[in-house]
Amino acid sequence: MDKQTVARVLDEIATLLELRGDEGFRARAFRTAARALEELEEDLASLIARGELRTVRGLGPATARVVQEVFETGTSSYHEELRREVPDGLLELLHVPGLGTKRIHTLHTRLGIASLDDLEQAARAGAIAELPGFGKRTQERILEGIAYRRRTAGLRRRPEALATAAELLAWLRADPSVVRAEPAGALRRGLETVDGVDLVAAVDGDGQELLGRFISLPSAEPGERTADDAARVRLGGIEVRLRVVPPEAFGAAWLHATGSEAHVEALRERAAARGLRLDADGLWDGARRVDAADEDGIYRALGLDVVAPELREGSGEVEAAGAGLLPRLLRYEDLKGCFHVHTTYSDGRATLKEMARAALERGWRYLGIADHSQAAAYAGGLRLEDIVRQHEEIDAWNAEHGDRLWLFKGIEADILADGRLDYAGLEEDVLERFDFVVGSVHSAFGSSQTEMTERIVRAMENPHLTFLGHLTGRLLLERDGYPLDVEAVIEAAAERGVGIEINAHPARLDLDWRWWRAASARGICAAINPDAHDAAGLDDVRYGVTVARKGWLGVRNVVNAWDLEEVRAYFAKRKGRA
DNA sequence: GCCGTTTTCGGCCCGACTGTTTTCAGTCG
Ligand SMILES: [Zn+2]
């Protein structure tokens with residue numbers, strides 16, 4: 001039982017207390033305890049073994065009891081009691097933008113609302129606007145939030161989908177009848193969200209027995225057969241679709257299950273033009289199977305370079321593959337570091353040195369620290385004295401370890417409502433002290449598209465700005481980004497030589513891959529930034545690499561795939577305009 | 001619920017923004 005898990009229970013207790021309408025400071029105490037646990041330098045197990053839990057500042061009798069119980073048994077009776085008391089539906093309502101625990105409590109007690117359906121009914125009937133503290137606008141926002149929730153209900157983000165795929169692939173590959181099993185569909189193409197997990201297995205025999213066991217997996221809800229050679233189950237709320245084929249048909253089956261439809265259609269046309277026929281079972285010359293047990297063989301038989309799964313979106317990749325014009329795509333191994341990493345100086349959960357060591361472990365040559373700026377007060381944004389302290393620590397690190405891992409001094413500066421960068425109004429040129437500046441919008445999401453676009457374009461007028469951070473502000477499956485004329489921003493960024501971040505957090509993946517061909521064509525550089533708040537978060541750059549590949553990007557387009565000296569030169573050139 | 005003592009209970013709490021108000025509660029990053 002790790003401290004993160006225990007902290008999550010404490011956080012949920014706090015949320016449940018708030019939903020129940022308890023006095024706010026009690027809930028706060030549980031949240032404080034959760035943070036205290038996260039920031040614990042020491043191992044939780046040894047602390048408990050020594051009976052010193054209570055010595056941790058922020059843990060008192062009640063919270064320490066919960067920690068101890070969760071650590072020993074995996075659950076907390078207090079937590080479970082609250083779960084029984086508070087309707088499950090109330091937790092779901094927290095995902096509706098504009099609704100927090102207080103308002104949900106009010107909705108529950110005044111209108112008996114305990115689910116998304118209840119909420120929708122009440123909003124449609126106009127009952128919510130009548131409540132004190134609520135109004136017409138709030139009611140509208142609630143309906144918008146419900147619609148978004150409904151629209152995205154069957155979708156999953158990549159980490160969850162990949163974990164489900166891995167679990168079932170392991171199960172398939174352990175089966176003696178399975179020759180080969182692979183993921184396919186949108187997951188394999190690297191889409192930011194998927195409506196399910198597609199798997200293809202090559203099997204000895206007809207696979208009927210395997211499909212039978214697949215739909216009655218003990219860990220899944222009972223599934224169903226969808227065709228002679230296919231079935232689907234739901235596992236942890238995710239739909240998993242499996243097709244089984246004989247080994248000689250695997251290449252074509254995998255290709256079809258991977259898609260996209262547009263890509264496969266383009267391949268079919270290409271086959272037809274060569275007098276061949278491509279279907280989900282093979283590539284055919286009349287009745288004769290063209291040898292294509294693997295995908296590569298099919299592409300080659302069609303006179304094409306192999307198209308990486310990420311590019312198979314029907315956007316000219318087949319023509320490019322025929323002309324030998326496919327880009328050499330970025331790989332994870334190309335990365336030499338990354339920027340936009342948080343530490344305990346602001347809201348990170350790992351210290352600067354822990355993050356630096358984690359970067360070393362990954363074989364990186366440099367790391368860009370970028371904590372929050374002072375406007376992000378809640379996130380512990382850096383005040384001027386914090387900046388000085390952090391820069392001293394970075395200088396000391398570089399003096400000692402800079403030959404192995406160089407730390408760049410960066411900051412995630414808020415783009416304020418008027419388009420100024422945080423710190424920009426001060427007498428001394430604070431932003432000048434940094435090697436790079438990531439500019440991000442964290443407030444005033446409600447403005448119009450014109451205002452938001454002007455605000456971000458204005459931020460780019462500050463010559464210190466190096467990268468635009470999570471440009472559209474979207475949170476996948478939580479909310480759309482704010483309204484923004486991305487094309488205009490790209491145009492302005494190109495003119496001013498500002499780079500754009502591929503925020504690699506799996507809930508952001510922002511700027512989206514769909515923009516990157518246009519952006520790179522205008523010479524805009526990408527930075528694959530993990531926005532990491534702990535060491536494990538650094539590995540999110542892998543999701544960012546997928547986005548870059550979907551955007552047809554290669555090493556030259558991605559700043560953190562460059563050598564240390566090149567990055568230094570890039571930053572210096574940006575600063576030179578100041 | 002936890003802290004910190006002014007040892008027995010009062011104070012805790014980041015600030016901008018929004019929508020609801022007509023001075024502020026609630027949400028959010
Ligand atoms: Zn941010």
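Further up the page is the structure itself.
This structure is a prediction, so every number in the text was calculated from the model and none was measured.

Student: When you look at the coordination of the zinc ion in this model, what are you seeing that I'm missing?
Tutor: In an ideal tetrahedron of four donors about a metal, each angle is 109.5 degrees. In an ideal octahedron of six donors, the angles are 90 or 180 degrees. Surrounding the zinc ion are the protein donor atoms Glu412 (OE), His442 (NE2) and His470 (NE2), at 2.0 to 2.2 Å. Between the donor residues of the zinc ion, the gaps in sequence give the motif E-x29-H-x27-H. Of the two residues, Glu412 sits in strand β13 (residues 406-414) while His442 sits in the loop between β14 (436-440) and α20 (449-460), which places them 30 residues apart along the sequence.

Student: Please explain the pattern of salt bridges as it appears in this structure.
Tutor: When the charged atoms of two side chains lie near each other, side chains of opposite charge can form a pair. This model, assessed by the stated rule, comprises 54 salt bridges. Ionic pairing is found between Lys409 and Asp395, a salt bridge with its closest N-O pair at 2.8 Å. Of this pair, Lys409 sits in strand β13 while Asp395 sits in helix α19 (residues 384-401), and the two are 14 residues apart along the sequence. Look at Lys409 and you get buried, because its relative accessible area is 15%.

Student: Would you mind showing me how to read the protein's contact with DNA strand B here?
Tutor: Taken together, 32 residues are adjacent to DNA strand B, and Arg57, Gly98, Gly100, Gly135 and Arg479 come closest. The share of sugar and phosphate among atoms of DNA strand B within 4 Å of the protein is 71%. Contact between DNA strand B and Arg26: a sugar or linking oxygen at 3.3 Å from a side-chain N or O atom of the residue. Listed by contribution, the elements that provide at least two residues to the surface near DNA strand B are α2 (24-38), α4 (61-73), α7 (101-111) and α10 (136-151). Element by element, the count of residues in the surface near DNA strand B is highest for α2, at 5 residues. Looking at side-chain class alone, the surface near DNA strand B contains 14 nonpolar, 10 polar and 8 charged residues.

Student: Whenever I open this one, the sheet that holds strand β9 (residues 282-285) confuses me. Can you help?
Tutor: Each strand in a sheet pairs with another by means of backbone hydrogen bonds, the pair being arranged parallel or else antiparallel. Taken together, the 3 strands give an open sheet; going across it, the order is β8-β9-β10, and neighbouring strands pair in antiparallel fashion. Two strands lie at the open edges of the sheet, namely β8 (277-279) and β10 (288-290), each paired on one side alone. Going from strand to strand, the sheet's axes swing by 40 degrees on average, the running direction of each strand aside. Relative to β9, β8 is paired through 3 bridges, and the arrangement is antiparallel. When the sheet's bridge partners are listed, Leu278 is paired in β9 with Leu283.

Parameters at a glance
- Residues numbered from 1 in each chain as written.
- Chains lettered and ligands numbered in written order.
- Predicted model: local features only at pLDDT ≥ 70, side-chain atom pairs only at ≥ 80, totals over all residues.
- Heavy atoms only, no water.
- Donors = N, O, S within 2.8 Å, 3.2 Å for Na, K, Ca; no water.
- Helix = DSSP H or I, 4+ residues; strand = E, 2+ residues; numbered from the N terminus.
- Salt bridge = Lys/Arg side-chain N within 4 Å of Asp/Glu carboxyl O.
- Buried < 20%, exposed > 50% of the residue type's maximum accessible area, 1.4 Å probe, protein only.
- Near = heavy atom within 4 Å.
- Polar contact = N/O pair within 3.5 Å; in protein donor to acceptor, adjacent residues only side chain to side chain.
- Nonpolar A, V, L, I, M, F, W, Y, C, P; charged D, E, K, R; others polar.
- Pairing = 2+ DSSP bridges.
- Axes fitted to C-alpha atoms, helices over the stretch in contact; angles between N-to-C directions.

These results come straight from atomic positions and should not be treated as a statement about function.
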